[in-house]
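Residue strings, one per chain:
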Amino acid sequence: MQRENNTALSSAATSRLRHRKQSNEVIPDPSKANGGNLLVDDHNKYKSMWIRAYSTVWMIGGFALIVYMGHLYITAMVVVIQIFMAKELLNLLRKAHEDRSLPGFRLLNWHFFFTAMLFVYGRLLSQPLVNSVTSDKFLYQFVSSHIKYHMAICYFFYIAGFMWFILTLKKKMYKYQFGQYAWTHMILIVVFTQSSFTVANIFEGIFWFLLPASLIIINDIFAYIIGFFFGRTPLIKLSPKKTWEGFIGASVTTIISAFALANVLGRFQWLTCPRKDLSTGWLQCDPGPLFRPEYYTLPGWIHQWFLWKEISILPVQWHALCLGLFASIIAPFGGFFASGFKRAFKIKDFGDSIPGHGGITDRMDCQMVMAVFAYIYHQSFVVREGISVEIILDQILTNLTFEEQQTLLIKLGQILQERLGHS
Amino acid sequence: MQKDQGSSAPSTPTNGRVRHRRRSNEFPVEMSRTNGNHLLANDHNKYRSMWIRACSSLWMLGGFLLILYLGHLYIWAMVVIIQIFMARELFNLLRKAHEDKRLPGFRILNWHFYFTAMLFVYGRIFSHGLVNTVTSDKFFYRLVSRLIKYQMVICYFLYIAGFMWFILTLKKKMYKYQFGQFAWTHMILIVVFTQSAFTVANIFEGIFWFLLPASLIAVNDVAAYFFGFFFGKTPLIKLSPKKTWEGFIGASVATMISAFVLANVFGHFQWLTCPRKDLSTGWLHCDPDPLFKPEYYPLPVWISQRLSWKEIAILPVQWHALWLGLFASIIAPFGGFFASGFKRAFKIKDFGDSIPGHGGFTDRMDCQMVMAVFAYIYHQSFVVPQDYTVEMIINEILSSLTLEEQQILYTKLGQILQERMLGLY
């Protein structure tokens, strides 16, 4: 570690308890070239590793507790992390001098944040919300009518913010204000895309949130450890402390642990069952063909050595291999992007919420890329496999009212008749 | 018009009359002076400029009507072409030639993201239409439906490829410029594609829902110009010094009235009111929506004595059109103010020069963009009957199941519903 980080070490030791989701990514060093600063050559590295390991253990403990408590609490954690990230990023390119002549401008940012929150979570949670209030007829009608106009409501909030922005444009501050406006939009898009995909994954089953997040953490930890012991060749100019040895070692480890972890996680119904409503109780469900073990007989020579006749593999483990491949090869580019961004704008860290490790955005950069991929992968390859007549029938019977079901039947009949007539 | 523009402006529009596209008669933005001396009512050259603008508007209107007649697919093609020109203008806007020389291939990255966005947006919109089009060629049909299934993944990987390409081409000392360009590209693509996606979605719901909002914006601009021309005295907003309160209010009234009238006129053509469910180009027949069936209201006695009209036929859609007119006159001009403020902030005169004498496409499309989004959201929230979920599930059935499975689903659902009905009674 650098000598100037020694103070960071002591402050990290005192604030150990406050560490949140933290990866053991090495801190990029913007001011020097490679070579002299690889972790292998550093003498203080053992002390820093111990402190990082300690904080990581605390963080994992807190995270496991929240996973145990359930879907709603994980969503709440995601929302809290998101608010902190947005606050860090919105503060980042602000200039204090200009801000004094623009009262109320910060409020505009939070207005857009609130609108985005309403839009994204309104869409995501509308179906589970409807399913939760079916018992109370009045509440059901109230909620359904608001969901119908949800898009219009969010649009009017956005237009109000837009008009407010235009009416508060001040001479000689135009460029700054437009820059802040664009920056606000970019931040909200980045933060909300990944958090909305994360929450969507959570309600499909905590497995689809936990596995990708764990793979990123494993990738970071092993890149650190392997770089610690074997790192020689620098990887990329943007992050001078990363090495090829760390990268390749971490990739292999991530893929292997993806395979193993999917097996371990796939056995818990709490993790694999989707949540259809907003309750917090226990979940029972039919796990689906992906999580039913299939048995493969091992070849004879392994049988002689280890006494295992056959090995049970959950089909989901093959999907996990693809997730692991992405987590090791492509997700680190999220980290490179963040490093490049910090160099471009000459900032050391995104914030200082996590002492000694920068802000929350510093820790979440790879997670964001992974969350989006996990959602898209799930929607395209996992859900498709599972679509069948029973599943769609189930969807129809649970999501539509009786009149809508009849309408659907009539329309479907018409379309099928046309098709049969054509062929 | 400003005096320093006076000599050059009349000659270029006459040469370029044939090339004028969709244009509003919005006042040109004044960059350097304040209000007062430059209100249009005080200008001596105004009659000549008005004549030139009127000529170009007529040409543009004619071209637009032709495309409308040709149909939904051609309108979509026109939207795509306008979009490409807008994107090109905006990409070029904040580029600096000096830095660009040292970054070969950076422009291609912009077009890569553009192509990805195009595939994503139009893939989603047309996936429903393509599913409904029954083709005779079985192999092609299966290829297309497979591509539609994986459309999201394909677009995502194209985006990630662009992202990785961007990171691998980051050059020392150019970081800030490159990140700025990256963010700028994203903002442009989002703005351009949001509004064009909503416009195209509106077109396929019925050309009426594209034509009426666009006409209202054009009417608003023309009326604001004329009211400002004859009566303009009080400046409206510092961002656009040539706009006046008289023009604004007069145009609002004119827009609301013409919204009511135009809706009646447009609503009588089936070509405009029928939704298009597939990608064919032939003639459309459909059972008109209850919105377009006239309702008769008896007029009060004193009108019927004077004009001998006993009752008046009003299409229910005309009440919706009033709301569209209200938005077009009050809120859509903020799109123009935004564009003016943006040009002042970055000290540029016009977004481009595709349309001689009037700047670029973005200059003309700024209010249209805000209106298109509103029209779509209004339509989805207040006009469309709420069997949206039914449509979604039908699309899912048609795209994910084979024909035999669909038939099995149909029979099973029929049985279950019959049992329920018998159980209820």
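Under an unreviewed UniProt entry, chain B has the name Phosphatidate cytidylyltransferase and belongs to Durio zibethinus. UniProt, in the comment section headed Catalytic activity (unreviewed entry), describes chain B in these words: "a 1,2-diacyl-sn-glycero-3-phosphate + CTP + H(+) = a CDP-1,2-diacyl-sn-glycerol + diphosphate". What the UniProt record of chain B gives under Function (unreviewed entry) is the line "May be involved in the synthesis of minor phospholipids and in modulation of IP3-mediated signal transduction."

Where an unreviewed UniProt entry is consulted, chain A appears under the name Phosphatidate cytidylyltransferase, with the organism given as Durio zibethinus. Checking UniProt for chain A, the heading Catalytic activity (unreviewed entry) contains the comment "a 1,2-diacyl-sn-glycero-3-phosphate + CTP + H(+) = a CDP-1,2-diacyl-sn-glycerol + diphosphate". Quoted verbatim from the Subcellular location (unreviewed entry) field of UniProt, the annotation for chain A is "Membrane".

A. Seen up close, the overall build of chain A. What chain A contains, in helices and strands, is 17 helices and four strands. Per-residue burial for chain A yields a buried fraction of 52% across its 423 residues. Across chain A, every contact between residues at least 6 apart in sequence was considered, and the portion connecting residues at least 24 apart equals 74%. About 20,700 Å² of surface is accessible on chain A, with carbon and sulfur atoms providing 66% of the total.

B. Representation of a nonpolar patch on the surface within the structure. Among the surface-exposed residues, Trp245(B), Ile249(B), Val253(B), Ile257(B), Val261(B), Val265(B) and Phe269(B) lie close enough to one another that they form a single nonpolar patch of about 660 Å² accessible area. Note that Trp245(B) resides in helix α11 (residues 245-266).

C. Inspection of the UniProt feature "transmembrane region" (unreviewed entry) in chain B at higher detail. All names here are of chain B. Within the UniProt annotation, "transmembrane region" (unreviewed entry) is assigned to residues 73-91, 111-130, 150-170, 182-201, 207-232, 244-266 and 317-339. Measuring from the first to the last C-alpha atom of residues 73-91 gives 27 Å, for a span that is 100% helix and 0% strand. Here residues 207-232 runs as 92% helix and 0% strand, with 35 Å between its end C-alpha atoms.

D. How the structure looks around the environment of Ala77(B). All names here are of chain B. On the secondary structure map, Ala77 appears in helix α4 (residues 72-93). For Ala77, a relative accessible area of 32% gives the class partly exposed. A C-alpha to C-alpha distance of 9.7 Å links Ala77 and Val200, two positions 123 residues apart in sequence.

E. Representation of the UniProt feature "transmembrane region" (unreviewed entry) in chain A in the model. Residues and elements named next belong to chain A. Per the UniProt entry, the sites bearing "transmembrane region" (unreviewed entry) are residues 57-86, 107-126, 146-169, 181-200, 206-231, 243-262 and 316-338 in this numbering. Each end of residues 107-126 is marked by a C-alpha atom, and these two atoms are 27 Å apart; helix forms 100% of the span and strand 0%. With 100% helix and 0% strand, residues 181-200 has its two end C-alpha atoms placed 28 Å apart.

F. Just the confidence of the model for chain A, in detail. Overall, the predicted model of chain A reaches an average pLDDT of 77, with 80% of residues at or above 70. A low-confidence stretch, residues 1-36 of chain A (pLDDT under 50), is modelled with 74 contacts involving residues beyond four sequence positions or located in other chains.

G. Geometry of the pairing of strand β2 (residues 239-243) of chain A. Residues and elements named next belong to chain A. Counting buried positions over the five residues of β2 gives five, a clear majority of the element. As judged from the two bridges shared by strand β1 (residues 234-236) and β2, these two strands associate in the antiparallel manner. When the sheet's bridge partners are listed, Pro234 is paired in β2 with Thr243. Between the end of β1 and the start of β2, which pair antiparallel, lie two residues.

H. Focus on the environment of Ser279(A). Summarising the element assignment, Ser279(A) is placed in the loop between α11 (269-272) and β3 (294-297). The spacing of Ser279(A) and Gln417(A) is 138 residues in sequence and 42 Å in space, taken between C-alpha atoms.

I. Representation of the domain arrangement of chain A within the structure. For chain A, the assigned domains are domain 1 (48-102 + 170-385) and domain 2 (386-422). For domain 1 of chain A versus domain 2 of chain A, the distance between C-alpha centres works out to 38 Å.

J. Structural context of the environment of Thr169(B). All names here are of chain B. Structurally, Thr169 can be placed in the loop between α8 (151-168) and α9 (175-205). By relative accessible area, Thr169 is classed as partly exposed at 30%. Those residues within four positions of Thr169 in sequence are excluded, and the remaining contacts are Leu103 and Gln178. Of note is the side chain of Thr169, whose polar atom sits 3.1 Å from the backbone oxygen of Phe166.

K. The arrangement of the packing of helix α10 (residues 208-231) of chain B against helix α14 (residues 317-330) of chain B in detail. Residue and element names in this part refer to chain B. Where α10 meets α14, the closest approach of the two axes is 10 Å, and the angle between their N-to-C directions is 45 degrees. Between α10 and α14, the angle falls in the class oblique. Considering the relative orientation of α10 and α14, their crossing is right-handed. In contact with Phe208, Trp209, Leu212, Pro213, Leu216, Ile217 and Asn220 of α10, α14 contributes Val317, Ala321, Leu324, Gly325, Ala328 and Ser329. In terms of residue class, the contact of α10 with α14 is made up of ten nonpolar, three polar and no charged.

L. The interface of chain A and chain B, seen in detail. Taken together, the 65 residues of chain A in the interface contact 71 residues of chain B. Contact between chain A and chain B buries roughly 6,900 Å² in total, counting both sides, with carbon and sulfur atoms accounting for 83%. Taken together, chain A and chain B are joined by zero salt bridges. Taken together, the connections running from chain A to chain B amount to four residue pairs in polar contact (both at pLDDT 80 or more). Mapped onto the side of chain A that touches chain B, the elements with two or more residues apiece are α7 (150-167), α8 (174-204), α14 (332-344), α15 (360-386), α16 (389-399) and α17 (402-422) of chain A. Tallying contributions element by element places α17(A) first for the side of chain A that touches chain B, with 14 residues. For the side of chain A that touches chain B, the residue count by class is 47 nonpolar, ten polar and eight charged.

Calculation notes
- Residues numbered from 1 in each chain as written.
- Chains lettered and ligands numbered in written order.
- Predicted model: local features only at pLDDT ≥ 70, side-chain atom pairs only at ≥ 80, totals over all residues.
- Heavy atoms only, no water.
- UniProt positions renumbered as here; feature names shortened; annotations may be inferred.
- Helix = DSSP H or I, 4+ residues; strand = E, 2+ residues; numbered from the N terminus.
- Buried < 20%, exposed > 50% of the residue type's maximum accessible area, 1.4 Å probe, protein only.
- Contact = heavy atoms within 4.5 Å.
- Areas by Shrake-Rupley, 256 points an atom, 1.4 Å probe, with all protein chains shown as cover.
- Patch = residues over 30% accessible without salt bridge, like charges linked within 9 Å, V, L, I, M, F, W, Y side chains within 5 Å.
- Salt bridge = Lys/Arg side-chain N within 4 Å of Asp/Glu carboxyl O.
- pLDDT = per-residue confidence, 0-100.
- Pairing = 2+ DSSP bridges.
- Domains from an automatic or database assignment.
- Polar contact = N/O pair within 3.5 Å; in protein donor to acceptor, adjacent residues only side chain to side chain.
- Axes fitted to C-alpha atoms, helices over the stretch in contact; angles between N-to-C directions.
- Parallel < 35°, antiparallel > 145°, perpendicular 65-115°, else oblique.
- Left-handed = near helix turned anticlockwise from the far one by under 90°.
- Nonpolar A, V, L, I, M, F, W, Y, C, P; charged D, E, K, R; others polar.
- Buried area = accessible area lost by both parts, 1.4 Å probe.

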